[in-house]
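Chain by chain, the residues:
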Amino acid sequence: MSASKSDYFMNIAVIGAGYVGLVTGACLAELGNNVVCVDIDKRKINKLKQGKVPIYEPGLEEIVRKNLTRKRLAFTTKIEKAVNFGEIIFICVGTPARKDGSADLSYLEKAAEQIAKLAKDNKIVVIKSTVPVLTARKVHKILKQHSKSNVEFYVISNPEFLREGSAVKDFMNPDRIVIGGINKEAIRKVCELYRPFNVPILETTPESAEIIKHASNSFLATKISFINMVANLCEKVNANIKDVALGIGLDKRIGTAFLNAGIGFGGSCFPKDIEAFIKVGEKHRCNFALLKEVIKINVRQRKLFVKKIEDVLYGLENKTIAVLGLAFKPNTDDIRKAPAIEIIRLLLDKGAKIKAYDPKAMDNMRKIFPHIQYCNNPYETLANSDAMVLITEWEEFKKLNFEKVKKIMKQAIIIDGRNYLPHNRLERIGFTYVGVGI
Ligand code: NAD
Ligand code: UGA
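Caption draft 1: Highlighting the layout of surface pockets. Computed from the structure, the second largest pocket encloses a volume of approximately 280 Å³. If you trace the second largest pocket, you find 15 residues lining it, with Leu105, Pro132, Val133, Lys138 and Lys283 closest to the centre. Those elements that place two or more of their residues in the lining of the second largest pocket are helix 6 (135–146) and helix 11 (270–283). In the lining of the second largest pocket, the residues fall into 7 nonpolar, 3 polar and 5 charged.

Here it is, written out as structure tokens:
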């Protein structure tokens, strides 16, 4: 962890103890602040009080436990306890997609209403949830409207850029911190909180900060759809997308990150945030057709992948498919909008039998597909299967004994949705290897 400790500690309240709220609370406590995290989910809070982290996120449980013991971190379901404890209140509640794709701000609005009704003195309210532009203004209105006493609220937009699977590391080592606000003293206080990070802090308006978040996620997703579009051409002309991506990415203006072709992006954020940003564009009569195409390419990518499996197996009816990896990316148990969901659904529709394994995400996937077969390890999954389909690039899949794998599978076929496995070695062992764009 590279952030150094501050010599000035603050009392912080965090509303919403999910991926972002819990990491924010735990990391701010780790830096020396006193933090109270509140959540409406009683089961989650009961677990957290015992030092048990309800999600899988590397390094998180350790700092939660450490700071619980040091009494710098506390958990509660009682929002009144948190609101008047914190001089700064972070809102980290979910902002899921509504049916039409726009952001559902009801959790955020409810949290703002609760803060307003409970606050006994002036508060800095920091919006960390990802929200459409102009939400900070709306939150300020709600705060004023529901406040009973004569207190002031200073709203700051401070979007979060952490990734799941490396959330603690990302929070502690950000590329930049964005602070959008109007009141100079409130901006200064929030800057002070982040001073130990020693990274560029961009002070701006709430509107710009809100757009920075949506635009960052949309740009990263655009890179992914772009490279997937090019990968589909590579396949047709015998080019290799890995070389092409490297050749593009070595141009410093482009960069190599987020140019891994595969089955497209998933997760709780890219799909919903791009849809929400498209809606923002529509609302303000701006043409965001580029982003609509990004989504279309992403959806098509899963279908093309399933078609590939179907082609290499000459049909899917009664074929046994060993699915390795269910989480939307490695090092997380999160399956929200995971590509695995769509791919398994398409495979089942075409009559395939699914055996599945993931080191962390099987309990979550059982809730969506209770009737597929879940296995204890990759070998059990691969035994007597017609094909291995790699969906999530967990490190343990690279370390498999592929000679053994070849012996236990019914057919030696690997379809690698992440271009992750050692292609040439697998072909030497005798596998038929199919990647994306190679
Ligand atoms: P999450 O669903 O994991 O957590 C949200 C939590 O808020 C839940 O535990 C819920 O019970 C709680 N909650 C809802 N209303 C509440 C209230 N009134 N009082 C107290 N608790 C309440 O969501 P998340 O993944 O942490 O995402 C939160 C926000 O951060 C979203 O806007 C998301 O887009 C954004 N974001 C997420 C990530 C990520 O990697 N997950 C990264 C950056 C930004
Ligand atoms: C993403 C952003 O990277 C974070 O900066 C942001 O804070 C977060 O969304 C958010 O707003 O919630 P996250 O979704 O956790 O983080 O994970 P990523 O590593 O970005 O991966 C997203 C998806 O894109 C995954 O399904 C991943 O497999 C896919 N991906 C990523 C590719 O297909 N190719 C790539 O080159 C990179």
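Read on for the rest.
Caption draft 2: The side chain of aspartate 104, seen in detail. Within the element layout of this structure, aspartate 104 appears in the loop between strand 4 (88–91) and helix 5 (106–118). Nearest to the buried, unbridged aspartate 104 among oppositely charged side chains is arginine 98, at 4.5 Å. If we skip the residues at most four places from it in the chain, aspartate 104 touches Gly94, Thr95, Pro96 and Arg98.

Caption draft 3: Structural context of the site of ligand 1. Within the structure, ligand 1 sits among 25 residues, and Asp39, Lys44, Thr95, Glu164 and Lys272 are positioned closest to it. Here an oxygen atom of ligand 1 sits 2.5 Å away from a polar atom, N or O, in the side chain of threonine 95. Glutamate 164 places a side-chain nitrogen or oxygen 2.8 Å from a nitrogen atom of ligand 1. Elements represented by at least two residues in the shell around ligand 1 include exactly helix 1 (19–30) and helix 5. For the shell around ligand 1, the class distribution of residues is 10 nonpolar, 8 polar and 7 charged. Counting contributing residues, the shell around ligand 1 receives three or more from each of domain 1 (11–204) and domain 2 (238–434).

Caption draft 4: Representation of the domain arrangement of the chain within the structure. As assigned here, the chain comprises domain 1 (11–204) and domain 2 (238–434). Using C-alpha coordinates to define each centre, domain 1 is positioned 33 Å away from domain 2. Taken as a group, Tyr19, Tyr56 and Glu164 account for 41% of the area that domain 1 buries against domain 2, more than any other trio of residues on that side. Here domain 1 and domain 2 share 1 salt bridge between them. A salt bridge links arginine 336 to glutamate 164; its shortest N-O distance comes to 3.4 Å. For the interface between domain 1 and domain 2, the tally reads 6 residue pairs in polar contact (both at pLDDT 80 or more). Here the residues of the side of domain 1 that touches domain 2 sort into 11 nonpolar, 5 polar and 3 charged.

Caption draft 5: Representation of the pattern of salt bridges. Evaluated as defined, the whole model comprises 28 salt bridges. With a shortest N-O distance of 3.0 Å, arginine 137 and glutamate 207 are connected by a salt bridge. Of the two residues, arginine 137 is situated in helix 6 and glutamate 207 in helix 9 (residues 206–237); the sequence distance between them amounts to 70 residues. Between lysine 307 and aspartate 311 there is a salt bridge, with the nearest N and O atoms lying 3.0 Å from each other. With lysine 307 and aspartate 311 both in helix 12 (residues 289–312) and 4 residues apart, the pair spans about one turn of that helix.

Caption draft 6: Representation of the sheet that holds strand 10 (residues 353–357) within the structure. Spatially, 11-10-9-12-13-14 is the arrangement adopted by the 6 strands of the open sheet, whose pairing is parallel. The sheet is open, and its two borders are formed by strand 11 (373–374) and strand 14 (432–434), each paired with just one other strand. The pairing of strand 9 (residues 320–324) with strand 12 (residues 387–390) spans 4 bridges and is parallel. Residue pairing for strand 12: valine 323 is matched across the bridge by valine 389. Packing against the sheet, helix 12 makes contact with strand 9, strand 12, strand 13 (413–416) and strand 14, and its axis sits at approximately 170° to strand 13.

Rules and cut-offs
- Residues numbered from 1 in each chain as written.
- Chains lettered and ligands numbered in written order.
- Predicted model: local features only at pLDDT ≥ 70, side-chain atom pairs only at ≥ 80, totals over all residues.
- Heavy atoms only, no water.
- 1 Å grid on protein atoms, 1.4 Å probe; cavity = no way out; pocket = protein on both sides within 12 Å on 5 of 7 lines; lining within 4 Å.
- Points joined across faces, edges and corners; volume = space filled by probe spheres on them.
- Helix = DSSP H or I, 4+ residues; strand = E, 2+ residues; numbered from the N terminus.
- Nonpolar A, V, L, I, M, F, W, Y, C, P; charged D, E, K, R; others polar.
- Buried < 20%, exposed > 50% of the residue type's maximum accessible area, 1.4 Å probe, protein only.
- Lys, Arg positive; Asp, Glu negative; His and termini not counted.
- Salt bridge = Lys/Arg side-chain N within 4 Å of Asp/Glu carboxyl O.
- Contact = heavy atoms within 4.5 Å.
- Near = heavy atom within 4 Å.
- Polar contact = N/O pair within 3.5 Å; in protein donor to acceptor, adjacent residues only side chain to side chain.
- Domains from an automatic or database assignment.
- Buried area = accessible area lost by both parts, 1.4 Å probe.
- Pairing = 2+ DSSP bridges.
- Axes fitted to C-alpha atoms, helices over the stretch in contact; angles between N-to-C directions.

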